[in-house]
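# Secondary and tertiary structure notes
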Amino acid sequence: ETGVTQSPTHLIKTRGQQVTLRCSSQSGHNTVSWYQQALGQGPQFIFQYYREEENGRGNFPPRFSGLQFPNYSSELNVNALELDDSALYLCASSPGGAAGDTEAFFGQGTRLTVV
Amino acid sequence: DQQVKQNSPSLSVQEGRISILNCDYTNSMFDYFLWYKKYPAEGPTFLISISSIKDKNEDGRFTVFLNKSAKHLSLHIVPSQPGDSAVYFCAASARNSGNTPLVFGKGTRLSVIA
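Read on for an overview of the structure. (Residues numbered from 1 in each chain as written. Chains lettered and ligands numbered in written order. Predicted model: local features only at pLDDT ≥ 70, side-chain atom pairs only at ≥ 80, totals over all residues. Heavy atoms only, no water.)

### Some details on the layout of surface pockets
If you add up the space inside the largest pocket, you get close to 570 Å³. In this structure, the largest pocket is lined by 26 residues; those nearest its centre are Gln37(A), Arg111(A), Lys38(B), Val87(B) and Arg109(B). Elements that contribute at least two residues to the lining of the largest pocket include exactly strand S9 (86-93) and strand S11 (108-113) of chain B. The leading source of residues in the lining of the largest pocket is S9(B), at 3 residues. Grouping the amino acids of the lining of the largest pocket by side-chain chemistry returns 10 nonpolar, 12 polar and 4 charged. Along its surface, the second largest pocket is lined by 21 residues, and Pro43(A), Gln44(A), Phe45(A), Val103(B) and Phe104(B) are the ones closest to its centre. (1 Å grid on protein atoms, 1.4 Å probe; cavity = no way out; pocket = protein on both sides within 12 Å on 5 of 7 lines; lining within 4 Å. Points joined across faces, edges and corners; volume = space filled by probe spheres on them. Helix = DSSP H or I, 4+ residues; strand = E, 2+ residues; numbered from the N terminus. Nonpolar A, V, L, I, M, F, W, Y, C, P; charged D, E, K, R; others polar.)

Below, the structure written as structure tokens:
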């Protein structure tokens, strides 16, 4: 039990649609990162939010966006869904500071299928 | 280009024996390394980590070895138990360079046979 919860656990969307995934971080954790894990791959960093501001971004297009709220919850939004967006999306919550995601706890993930 | 590589997609070991999982990296800026364990339908769970100033870190049945000159690390599990069956991810971070994200390998699926 990591104290990080994600919803929904599974989701099916049609190509071209938009999706919002949600994460509830551990209380007191100011930093949340999102990772995408495609089938047969390791998790890949999408972006990180620290105190409601984007604090770093991986190699993902702008149609991937996020929000972080003061109540330790956050969202990952993906517009214009493509078939290749089908993956497990992981939220990682950490206290913040220089240690970054090396002290993060992961949620159980949301499995997104785009058809 | 993959900065963290786990070249064995799967490994099968008998219960009670040693499991050795390997990981190679290419980025010299990486200074902190972690191993995660992942069961189906769960997120990755932190297992053990090592800083680049060390060459070994031990926690119970789990030991991680780091060879900086070879840019190689390994996770040893002794003795292996059926409950260790999972996918193991190696991850690296350039922690001393600031708040940097984790870079993961593709994972190795460990099966421990009773």
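Picking up where we left off.
### Looking at the packing of aromatic side chains
By the definition in use, this model includes 12 aromatic pairs over all chains. Where Phe47(A) meets Tyr49(A), the ring centres are 5.4 Å apart and the plane angle is 85°; that geometry is what we call edge-to-face. Per residue, the accessibility class of Phe47(A) equals that of Tyr49(A), and both read buried. Grouping aromatic residues by their ring pairs yields a cluster made of Tyr35(A), Phe45(A), Phe106(A), Tyr36(B), Phe46(B), Phe89(B) and Phe104(B). (Phe/Tyr/Trp six-rings, centres within 6.5 Å; stacked < 30°, edge-to-face > 60°. Buried < 20%, exposed > 50% of the residue type's maximum accessible area, 1.4 Å probe, protein only.)

### Remarks on unusual backbone geometry
In this chain, Ser7(A) is followed by Pro8(A) through a cis amide linkage whose omega measures -10°. Within the secondary structure, Pro8(A) sits in the loop between strand S1 (5-7) and strand S2 (10-13). With a phi angle near 70°, Tyr72(A) is a residue other than glycine that sits in the positive phi range. Here Tyr72(A) shows up in the loop between strand S7 (64-68) and strand S8 (73-78). Since its relative accessible area comes to 29%, Tyr72(A) is described here as partly exposed. In this structure, Lys71(B) is a non-glycine residue whose phi angle is positive, near 50°. Owing to a relative accessible area of 26%, Lys71(B) belongs among the partly exposed residues under this scheme.

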